Structures are given as structure tokens and as C-alpha cells.
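Overview (structure and organization)
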Amino acid sequence: MDEIEQVILVDDEGNQIGTAPKSSVHGTDTALHLAFSCHVLDDEGRVLVTRRALHKRTWPGVWTNSFCGHPRPAEPVLNAVKRHADSELGLRLTDIELALPLFRYRATDASGIVENEICPVYIARAESLPQPNPLEVLETQWVHPADLVAALDAAEWAFSPWLVLQARQLDLFVTQRRIQAATR
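Just so you know, these numbers come straight off a predicted model, no measurement behind them.

Here we take up the layout of surface pockets. Each pocket or cavity is described by its volume, and for the largest pocket that value is around 670 Å³. Together, 31 residues line the largest pocket, and Lys-22, Arg-52, Lys-56, His-70 and Glu-136 are the ones closest to its centre. Those elements that place two or more of their residues in the lining of the largest pocket are β4 (36–41), β5 (47–52), β7 (67–69), α1 (77–89) and β10 (114–118). With four residues, α1 is the single largest residue contributor to the lining of the largest pocket. A breakdown of the residues in the lining of the largest pocket according to their chemical character gives eight nonpolar, 13 polar and 10 charged.

Below, the structure is given as C-alpha cells:
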């Protein structure tokens, strides 16, 4: 028997208040729940962007950050980051850092499905090349952060709303990481 995937429900301050089936928190009336996002960099300072699989329930076919997901109940978020990196992209990560601990967003896609998440944002380095899981990822592309920002400015509609918001908040952090990498 397949186990139903559960997500962690949270209050406005991010405190856990229960759990719910994942399928019930991605609809037109979406409870606030815990998720995470991760932006993966390579040794050249490029960031990995991915195009969501066409059968994804929310924002199918749009370009987004490297990967996102939900921790399981009682699973540390960092463990969930590593689990999703492996299952969605076949990636091993190093230098995982929490970049935006309090990131939160609410957005509605064209079908009316609402995302309503407290979503800490991580930045990590790839230790391997991506091997995308086609159930999750249609395409991948390594891009320089400046080129990503230009693309977001030119065609914001082609990207997930959480990537647009995160990229604006991460700009200085990404620049700082590139400088640190160059001085290593």
C-alpha cells in the first residue's frame, strides 16, 4: 500500500500546527505549509535553473529555481533538501547554506491553484552533474546570475513566481558567493 505524502502545516509565525496530505494543500484553498527552495551553483558561479515537468500540478512547464520541495513530518529541512536534490536531479550537494530563512509567498497559477508557503531558501554547490528525473524536471540549464536577472526582467511570466521573488532578494547574496568563490 502506498503511503500518502504528508506536508507540515504551519501558523503565521512558522510554528507547526499539524499535517495534511500534500494533495489537499495545493488547491484553490491552500493552507499555509512548510516548503523549501534551493539554488544550486557550479564551480563557475553559474546557477542551475530547471523547467518544471509538463504534468506538474502547479506551474507546469515554467522555468524555476534548481529545485523545491516539502519536508516530511519530523524530517529536518536540510535532510529534505538533500533528499530532493537526489530524487529530482540526481545531485549531490556541498556547502549548503540557508540564505533566506524567512521567505514566504502566496501565488495563484493560471488554473487557480494556490501556493501558500513558508519556504526557507538554500544555496548549495553541485558536487555532481544533474541527472533530471523526468517526472519532476523537463529541462535544466546552467546560467550566469546576471543573465538570469536579465531574463526575469524581460519575461517574468515565463518563470515561477517564487523564483522571481527569491532572485530579487538573493541578488546581493549570489554576488557575494561569486566573489568568495573567486578568492578561494
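Now, onward.
Time to look at the packing of aromatic side chains. All chains considered together, the criterion is met by four aromatic pairs. Aromatic side chains Phe-36 and Phe-67 sit 6.1 Å apart centroid to centroid with 80 degrees between the ring planes, which places their arrangement in the edge-to-face category. Placement of the pair is Phe-36 in strand β4 and Phe-67 in strand β7, with a sequence separation of 31 residues. Exposure remark for Phe-36: the relative accessible area of 0% places this residue in the buried category. Relative to Trp-162, the ring of Trp-59 lies with its centre 5.4 Å away and its plane at 90 degrees, an arrangement referred to as edge-to-face. One end of the pair, Trp-59, is in the loop between β5 and β6 (63–64); the other, Trp-162, is in helix α3 (residues 161–182), with 103 residues separating them in the sequence. One exposure class covers both Trp-59 and Trp-162, and it is buried.

Definitions and limits used
Residues numbered from 1 in each chain as written. Predicted model: local features only at pLDDT ≥ 70, side-chain atom pairs only at ≥ 80, totals over all residues. Heavy atoms only, no water. 1 Å grid on protein atoms, 1.4 Å probe; cavity = no way out; pocket = protein on both sides within 12 Å on 5 of 7 lines; lining within 4 Å. Points joined across faces, edges and corners; volume = space filled by probe spheres on them. Helix = DSSP H or I, 4+ residues; strand = E, 2+ residues; numbered from the N terminus. Nonpolar A, V, L, I, M, F, W, Y, C, P; charged D, E, K, R; others polar. Phe/Tyr/Trp six-rings, centres within 6.5 Å; stacked < 30°, edge-to-face > 60°. Buried < 20%, exposed > 50% of the residue type's maximum accessible area, 1.4 Å probe, protein only.

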